[in-house]
Amino acid sequence: MNIEYRNHLIDVNWAEMKSRCAEDNFDNGRTPAQLQKSFENSHVTCLAYADGHIIGTARVLSDGVCNAYLIDVWTYHPYRNKRIARTMIESLLAKLPGQHVYTFTDDVVCFYKRIGFTERPTGLEKVVGQWLIS
């Protein structure tokens, strides 16, 4: 299997990303344009491709100094358990020396523990105004 990892957003097919994420129940309602804006506003990104098609995403929000947030980690279901997510995350972490990196998951805690993350019991959230209205 030949997987290509890209840390750039040149020629991304945002509609395909939206469609594949929706197919995998990893769609939080963003339009292709909102996905594009989300990824473009990230500190670092990594996309995985097989045969020219998106099969994985990961990105980091960061202040560039000491705090970062790993989000949108996803691998298309036919490609899971092949170290793709791990490779994307490692690629991103290599660009964050000295930073405290936080992530949130509700279903794959053991995966993140295997790659060195420590579980924290508290998280809080608040949506300002209406979800996805900017």
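The residue count restarts for each chain, going from 1 along the sequence in the order it is written. Two thresholds apply to this predicted model, a pLDDT of at least 70 for residue-level local features and 80 or more for giving and counting side-chain atom pairs, whereas whole-chain, interface and lining totals are computed over all residues. As a convention, hydrogens and water are excluded, and side-chain values are obtained from all of the structure's heavy atoms.

K.L.:
Looking at this structure, how should I read the layout of surface pockets?
P.N.:
In this approach, a probe sized like a water molecule rolls over the atoms, and the result shows the empty space that is left. Cavities and pockets are found on a 1 Å grid laid over the protein atoms alone: a cavity is a set of points where a 1.4 Å probe fits but cannot escape, a pocket is an open set with protein on both sides within 12 Å along at least five of seven lines, and a lining residue has an atom within 4 Å of such a point. Grid points are joined across faces, edges and corners, and a volume is the space filled by probe spheres set on the points. A volume near 2,000 Å³ is recorded for the largest pocket. Secondary structure is summarised from DSSP: a helix means a run of H or I of at least four residues, a strand means a run of E of at least two, and numbering begins at the N terminus for each. Elements represented by at least two residues in the lining of the largest pocket include exactly α2 (32-40), β3 (53-62), β4 (67-75), α3 (84-93), β5 (100-103) and α4 (109-114). Top contributing element to the lining of the largest pocket by residue count: β4, with 7 residues. Residues belonging to the lining of the largest pocket are distributed by class as follows: 22 nonpolar, 12 polar and 15 charged. Its volume calculated, the second largest pocket comes out at about 460 Å³. Lining the second largest pocket are 19 residues; nearest its centre among them are Tyr102, Thr103, Thr118, Glu119 and Arg120. Those elements giving two or more residues to the lining of the second largest pocket turn out to be β5 and α4. Looking at which element gives the most residues to the lining of the second largest pocket, the answer is β5, with 4 residues. Note on residue categories: nonpolar means Ala, Val, Leu, Ile, Met, Phe, Trp, Tyr, Cys or Pro, charged means Asp, Glu, Lys or Arg, and polar means any other residue, Gly included. For the lining of the second largest pocket, the class distribution of residues is 9 nonpolar, 7 polar and 3 charged.

K.L.:
Is there a simple way to think about the packing of helix α1 (residues 14-23) against α2 in this case?
P.N.:
To describe two helices that pack against each other, one gives the angle between their axes and the distance between the axes. Working convention: axes come from line fits to C-alpha atoms, limited for helices to the stretch in contact. Angles between N-to-C directions cover 0 to 180 degrees. Where α1 meets α2, the axes come as close as 8 Å, and the angle between the chain directions of the two elements is 105°. When the axes of α1 and α2 are compared, the pair comes out roughly perpendicular. Note on element contacts: α2 touches α1 through Pro32, Leu35, Gln36 and Phe39, opposite Trp14, Ala15, Met17 and Lys18. A breakdown of the residues in the contact of α1 with α2 according to their chemical character gives 6 nonpolar, 1 polar and 1 charged. For this classification, under 35 degrees means roughly parallel, over 145 means roughly antiparallel, 65 to 115 means roughly perpendicular, and everything else is oblique. Residue contacts are counted whenever heavy atoms from the two residues lie within 4.5 Å of one another.

K.L.:
Looking at this model, I keep getting lost on empty space enclosed by the protein. Mind explaining?
P.N.:
If you walk through the whole model with that rule in mind, you get 1 cavity of 30 Å³ or more. Residue lining of the largest cavity: Lys18, Cys21, Phe26, Asp27, Asn28, Arg30, Leu35, Phe39, Thr57 and Asp72, and that is the complete set. Counting residues per element, the ones that place at least two in the lining of the largest cavity are α1 and α2. Looking at the lining of the largest cavity residue by residue, the class counts come to 4 nonpolar, 2 polar and 4 charged.

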